[in-house]
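Residue strings, one per chain:
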Amino acid sequence: MSETDIDRSAHAIDVQELHKYFGENQVLKGIDFEVDAGQVVCVIGPSGSGKSTLLRCVNRLEEPTSGKIFVEGVEVTDPDVDLDLLRSRIGMVFQQFNLFPHLTVMDNLTIAQTKVKKRRKDEAVQIARSNLEKVGLANREDAYPAHLSGGQQQRIAIARALSMSPDLMLFDEPTSALDPELVGDVLGVMKDLAKEGMTMMVVTHEMGFAREVGDKLVFMDGGVIVEQGDPVEVLADPREQRTQAFLSKVL
Ligand code: ADP
Ligand code: MG
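A brief report on the enclosed structure follows. (Residues numbered from 1 in each chain as written. Chains lettered and ligands numbered in written order. Predicted model: local features only at pLDDT ≥ 70, side-chain atom pairs only at ≥ 80, totals over all residues. Heavy atoms only, no water.)

### Overview of the site of ligand 1
- The environment of ligand 1 is formed by Phe22, Asn25, Val27, Pro46, Ser47, Gly48, Ser49, Gly50, Lys51, Ser52 and Thr53.
- In this structure, glycine 50 approaches ligand 1 through a main-chain N or O atom, which is 3.0 Å from an oxygen atom.
- In isolation ligand 1 exposes 550 Å². Once the protein is present, 58% of that is buried.
- Residue contributions to the shell around ligand 1 peak at three residues, all from helix H1 (residues 51-58). (Near = heavy atom within 4 Å. Polar contact = N/O pair within 3.5 Å; in protein donor to acceptor, adjacent residues only side chain to side chain. Areas by Shrake-Rupley, 256 points an atom, 1.4 Å probe, with all protein chains shown as cover. Helix = DSSP H or I, 4+ residues; strand = E, 2+ residues; numbered from the N terminus.)

### So, the sheet that holds strand S10 (residues 224-229)
- Judged by pairing direction, the sheet is mixed, and its six strands sit side by side in the order S6-S7-S8-S3-S9-S10 without closing on themselves. The open sheet has two free edges, formed respectively by strand S6 (90-93) and S10, since each of these has just one partner strand. The average angle at which neighbouring strand axes cross in this sheet is 15 degrees, direction not considered.
- Relative to strand S8 (residues 199-203), strand S3 (residues 40-44) is paired through four bridges, and the arrangement is parallel. Across the sheet, residue valine 41 finds its bridge partner in S8, namely methionine 201. (Pairing = 2+ DSSP bridges. Axes fitted to C-alpha atoms, helices over the stretch in contact; angles between N-to-C directions.)

### Side note on helix H4 (residues 121-134)
- Under the 1.5 Å per step criterion, the end-to-end length of H4 is 20 Å for 14 residues, consistent within 8% with the ideal 20 Å.
- Of all the residues in H4, the buried ones are Ala124, Val125, Ile127, Ala128, Asn131 and Leu132. Along H4, the residues classed as buried sweep out an arc of 165 degrees about the axis, all on the same side. Of the exposed residues in H4, the ones pointing more than 90 degrees away from its buried face are Gln126 and Glu133.
- Structurally, H4 contributes buried residues whose contacts are with helix H3 (105-115) and helix H5 (150-162). (Expected span 1.5 Å × (residues − 1). Buried < 20%, exposed > 50% of the residue type's maximum accessible area, 1.4 Å probe, protein only. Arc of directions from axis to C-beta. Contact = heavy atoms within 4.5 Å.)

### Some thoughts on empty space enclosed by the protein
- Taken as a whole and judged by the stated rule, the model has one cavity of 30 Å³ or more.
- In this structure, the largest cavity encloses a volume near 30 Å³.
- Lining the largest cavity are Lys134, Leu162, Val189, Asp192 and Leu193.
- Among the elements that make up the lining of the largest cavity, the one with the highest residue count is helix H6 (residues 180-195) (three residues). (1 Å grid on protein atoms, 1.4 Å probe; cavity = no way out; pocket = protein on both sides within 12 Å on 5 of 7 lines; lining within 4 Å. Points joined across faces, edges and corners; volume = space filled by probe spheres on them.)

Have a look at this one:
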């Protein structure tokens, strides 16, 4: 894959007949869905239903067993795909913030920019500063992660991903490890990002966020998509019994 292969008229993410086994355990059983540029797709479902595995297949942190995934028209599942380039276009934010503990905030935000994107240090610093401002942490560039709250660390993780200038962002339960009072700030940053038109795939238990910000809601259970549609409609009036049962527990 090279920059010239990118087809911005294609779906941002296109997943076709995706299957994934871990040994004998079939975790994804034929997943099909698309995300269009600028859309926010929220993925919900019980623990163990395959949400993280699906997300991780999109940037090849997991190897799909069969099926195809395209990102902006480029086949991610092609064995010859340039994984560094692919991942530099796909920002990922995890439940555990995964900042480098021995690096300052600024170094966390510039290291991949200079090493992977080959940006000059001063350019990387400038981009980092604008993203720190975006997440409301402009004054913390010299801090170490351990001196920040969980919510601040997660906003730094988002700023770090944004500093690579990704075309799309994947979030895997970004607020699940946070104390309740810190959740709102992180969701606020994600909402701003959505408003700016970022393409986002978000695994979350935050149904309010899904309803308000999501363009599409996907409900997974047992390795399949049971139901997908407009978040307001799916949450208010789920068609499938399994969706109803799940929502009755979490709403
Ligand atoms: P979710 O994110 O919906 O909770 P996961 O995608 O994490 O679900 O997990 C789906 C299933 O895949 C679970 O049964 C889990 O144990 C299994 N699984 C996930 N990652 C691995 C792995 N690296 N090795 C073996 N099994 C895994
Ligand atoms: Mg998970």
